[in-house]
Amino acid sequence: MKKIETSLPGVYIIEPQVFGDHRGYFMETYSTKAMADIGIDTVFVQDNQSFTAQKGTLRGIHFQNHPMSQAKLVRVTRGAVLDVAVDLRKGSPTYKQWVGTELSAENKRMLYIPQGFGHGFVTLTDDVEFCYKVDNLYSKEHDRGIRFNDPAIGVEWGVENPVLSQKDTTSPMLEDSDCNFIYGE
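Residues numbered from 1 in each chain as written. Predicted model: local features only at pLDDT ≥ 70, side-chain atom pairs only at ≥ 80, totals over all residues. Heavy atoms only, no water.

Asker: Sorry, what's going on with the sheet that holds strand E12 (residues 128-134) here?
Answerer: Backbone-to-backbone hydrogen bonds join strands into a sheet, with any given pair of strands oriented parallel or antiparallel. The sheet built from 6 strands is open, its strands ordered E1-E2-E10-E7-E12-E5 with antiparallel pairing. On the outer flanks of this sheet lie strand E1 (2-5) and strand E5 (46-52), each paired with one strand and no other. Each strand axis lies, on average, 25 degrees off the axis of its neighbour in the sheet, ignoring direction. With 3 bridges joining them, strand E2 (residues 12-15) and strand E10 (residues 110-113) adopt antiparallel strand pairing. Its bridge partner lying in E10, Ile14 is registered against Met110. (Pairing = 2+ DSSP bridges. Helix = DSSP H or I, 4+ residues; strand = E, 2+ residues; numbered from the N terminus. Axes fitted to C-alpha atoms, helices over the stretch in contact; angles between N-to-C directions.)

See the structure below:
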């Protein structure tokens, strides 16, 4: 596996080694040893998968508050998304900054997002399958969201009228949220 730095320290693009021939391909999508070899020692405890039928559907910006915050390793197994991580740690030198990268079944890239960051994606194709590992179990009590179009963050999603859930339509702006991430904690 290859780790590619992004503009947000701790957020990495991960490129797996893909072995292909006339029959197709093989790749390791996760290995504790391979991840440790590139400096990521997160222990994941849950795998999740979502399906999104329509291009232009936006999910996010989501996170879980401490003490149930989650690091994520995300990838796409069908279709393509613009995947986004946002630094939500008060006091961080990159607070409110975001990074986006295309993840697709074709490019096989993954994005590693540490605790303290919000996460979201917008589908670039129809019929997207999105898979992700998390290092903490889901907790409805700690589940939160920030408005996808918060001008204090300014994510450039590339869609004017995204398809949204009720949660994403009504999530608060960051300044009105109870996000409890503190840089260095």
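Asker: What's the story with the pattern of salt bridges in this structure? I'm lost.
Answerer: Note on pairing: side chains with opposite charge can pair once their charged atoms come close. All told, the structure shown has 9 salt bridges when counted by the stated rule. Between Asp37 and Lys33 there is a salt bridge, with the nearest N and O atoms lying 2.9 Å from each other. Linking Asp37 with Lys33, this pair stays in helix H1 (residues 32-37), spanning 4 residues, or about one helical turn. The closest approach of N and O atoms between Asp47 and Lys133, which form a salt bridge, is 2.9 Å. Taken together, the residues span a long stretch of sequence, with Asp47 in strand E5 and Lys133 in strand E12 at a distance of 86 residues. Residue Asp47 is classed as exposed on the basis of its relative accessible area, which comes to 53%. A single network of salt bridges, built from pairs that share partners, joins Arg78, Asp127 and Glu129. (Salt bridge = Lys/Arg side-chain N within 4 Å of Asp/Glu carboxyl O. Buried < 20%, exposed > 50% of the residue type's maximum accessible area, 1.4 Å probe, protein only.)

Asker: Just to check I follow, could you spell out the nonpolar core for this structure?
Answerer: The tendency in soluble globular proteins is for nonpolar side chains to be buried side by side. One finds Ile61, Val86, Leu88, Ile146, Ile153, Val155 and Trp157 to be the most contacted residues of the largest nonpolar core, which totals 16 residues. Contributing elements (two or more residues each) for this core: strand E6 (58-64) and strand E8 (80-87). Non-local contacts of Trp157, meaning those with residues more than four positions away in its chain, are made with Leu58, Ile61, Leu82, Val84, Gly120, Phe121, Val122 and Phe148. With 15 residues, the next largest nonpolar core counts Leu8, Leu103, Leu111 and Phe121 among its residues. (Core = buried A, V, L, I, M, F, W, Y, C linked by side-chain atoms within 4.5 Å. Contact = heavy atoms within 4.5 Å.)

Asker: Before we go on, may I ask you to explain empty space enclosed by the protein in this structure?
Answerer: The gaps left among the atoms become clear once a water-sized probe is rolled over them. One pass over the structure, following the stated rule, counts 1 cavity of 30 Å³ or more. Roughly 60 Å³ of volume is contained in the largest cavity. Contributing to the lining of the largest cavity are His62, Phe63, Gln64, Ser69, Gln70, Lys72, Ile113, Gly116, Phe117, His119 and Phe181. Of all the secondary structure elements, the ones that give two or more residues to the lining of the largest cavity are E6 and strand E11 (117-123). Considering every element that reaches the lining of the largest cavity, the biggest residue donor is E6, with 3 residues. Its residues placed into classes, the lining of the largest cavity shows 4 nonpolar, 6 polar and 1 charged. (1 Å grid on protein atoms, 1.4 Å probe; cavity = no way out; pocket = protein on both sides within 12 Å on 5 of 7 lines; lining within 4 Å. Points joined across faces, edges and corners; volume = space filled by probe spheres on them. Nonpolar A, V, L, I, M, F, W, Y, C, P; charged D, E, K, R; others polar.)

All quantities given are derived from atomic positions and should not be read as evidence of function.
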